[in-house]
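Chain by chain, the residues:
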Amino acid sequence: RMGWSQFNQGKIGQAKATLKTVLTNPAYMSKSGSVESVTDVAFHEQVARDYAIMVAKDFNSNELKTVQDLSPEKKKLDNLFAVASDLESNGRKVQAIEAWTFLYQNQPQPQDRALSKAHLGAVHLELGKNENALNDFNEAFSLVSQVKAQFPKETEDVRRLIRSSIVTWNQAEKKKPTDEL
């Protein structure tokens, strides 16, 4: 609660420090408040998610590793995805590229890597980096082709994102298309 109070008062650095303290102290992560007690998994997941949200609001690329390290194992990638998505949706494209790249480098599953590459392509396209966008889209398609039989829903989401980005690109360059298009 203290972390969110600080966050809502605009003291984002303090809020992140507070949550980081909670996440690194085993006594704070247990229901009983004892270091020997078992970690409250739901609480750990929620505090780690809150920390990821705060990192996205006051972004420093060095904190991506911290988000990954402090998140529970099954939520690491979800929290990194939340940071990257938040940065992208709030128009912080350069930072979004850093976050999507970090996430891509840490994803073991090809269908997840394809989604990160598709997002990277969309952001590069918005920044006018058409060659980078094309490379990202091609790599995403390559990854999709490897796993489309195993993960049809996930790969369809990637294809939909790429298709939408290319349609937008085509509309933007309708009168004078670039070589990349």
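A. The arrangement of the overall build of the protein in detail. The helix and strand inventory of the protein stands at nine helices and zero strands. Across the protein, helices and strands are ordered from the amino to the carboxyl terminus as α-α-α-α-α-α-α-α-α. The principal-axis extent of the C-alpha atoms belonging to the protein is close to 65 × 40 × 20 Å. Counting every position in the protein, which comprises 181 residues, the buried fraction comes to 43%. Of the accessible surface of the protein, which amounts to about 10,100 Å², a share of 50% is contributed by carbon and sulfur atoms. Here the protein contributes 24 positive and 23 negative side-chain charges, whose respective centroids are spaced 4 Å apart.

B. Expanded view of the pattern of salt bridges. Applying the stated criterion to the full structure yields 14 salt bridges. Between aspartate 69 and lysine 65 there is a salt bridge; the shortest N-O distance is 3.2 Å. Residue aspartate 69 and its partner lysine 65 are located together in helix 4 (residues 63-70), separated by four residues, close to a single helical turn. What makes aspartate 69 partly exposed here is its relative accessible area of 47%. A relative accessible area of 43% means that lysine 65 is categorised as partly exposed. The partner of arginine 160 in a salt bridge is aspartate 157, and the shortest N-O contact between them spans 3.2 Å. Taken as a pair, arginine 160 and aspartate 157 lie in helix 9 (residues 152-172) at a separation of three residues, close to a single helical turn. Looking at arginine 160, the relative accessible area reads 45%, which means it is partly exposed. Exposure remark for aspartate 157: the relative accessible area of 30% places this residue in the partly exposed category. One continuous salt-bridge network, built from bridges that share partners, spans Lys153, Glu156, Asp157, Arg159, Arg160 and Arg163.

C. Expanded view of the packing of aromatic side chains. For the structure on display, the rule yields one aromatic pair. Between phenylalanine 81 and tryptophan 100, the aromatic rings sit 5.1 Å apart at their centres with planes inclined by 80 degrees, giving edge-to-face as the arrangement. Taken together, the residues span a long stretch of sequence, with phenylalanine 81 in helix 5 (residues 76-89) and tryptophan 100 in helix 6 (residues 93-105) at a distance of 19 residues. The exposure class assigned to phenylalanine 81 is partly exposed, which follows from its relative accessible area of 29%. Positioned above the aromatic ring of tyrosine 104, the side-chain terminus of arginine 113 is 4.1 Å from the ring centre.

D. Just the environment of glutamate 88, in detail. Mapped onto the secondary structure, glutamate 88 falls in helix 5. Residue classification places glutamate 88 among the buried residues on the basis of a relative accessible area of 13%. In this structure the C-alpha to C-alpha distance between glutamate 88 and alanine 114, which are 26 residues apart in sequence, comes to 17 Å. The contact partners of glutamate 88, leaving out residues within four places of it in the chain, are Lys93, Ala96, Trp100, His119, Ala122 and Val123. Of note is the side chain of glutamate 88, whose polar atom sits 2.9 Å from the side chain of tryptophan 100.

E. Fine view of the layout of surface pockets. Taken as a whole, the largest pocket holds about 250 Å³ of empty space. Elements with a contribution of two residues or more to the lining of the largest pocket: helix 1 (2-8), helix 2 (12-24) and helix 3 (41-57). The greatest single-element share of the lining of the largest pocket, amounting to five residues, is contributed by helix 2. For the lining of the largest pocket, the class distribution of residues is eight nonpolar, four polar and two charged. Contributing to the lining of the second largest pocket are Glu73, Lys74, Lys75, Lys76, Leu77, Asp78, Phe81, Leu103, Gln107, Asp112 and Leu115. For the lining of the second largest pocket, the leading source of residues is helix 5, giving four residues. The class makeup of the residues in the lining of the second largest pocket is four nonpolar, one polar and six charged.

Thresholds, definitions, all that
Residues numbered from 1 in each chain as written. Predicted model: local features only at pLDDT ≥ 70, side-chain atom pairs only at ≥ 80, totals over all residues. Heavy atoms only, no water. Helix = DSSP H or I, 4+ residues; strand = E, 2+ residues; numbered from the N terminus. Buried < 20%, exposed > 50% of the residue type's maximum accessible area, 1.4 Å probe, protein only. Areas by Shrake-Rupley, 256 points an atom, 1.4 Å probe, with all protein chains shown as cover. Lys, Arg positive; Asp, Glu negative; His and termini not counted. Charge placed at Lys NZ, Arg CZ, Asp CG, Glu CD. Salt bridge = Lys/Arg side-chain N within 4 Å of Asp/Glu carboxyl O. Phe/Tyr/Trp six-rings, centres within 6.5 Å; stacked < 30°, edge-to-face > 60°. Lys NZ or Arg CZ within 6 Å of the ring centre and 35° of its normal. Contact = heavy atoms within 4.5 Å. Polar contact = N/O pair within 3.5 Å; in protein donor to acceptor, adjacent residues only side chain to side chain. 1 Å grid on protein atoms, 1.4 Å probe; cavity = no way out; pocket = protein on both sides within 12 Å on 5 of 7 lines; lining within 4 Å. Points joined across faces, edges and corners; volume = space filled by probe spheres on them. Nonpolar A, V, L, I, M, F, W, Y, C, P; charged D, E, K, R; others polar.

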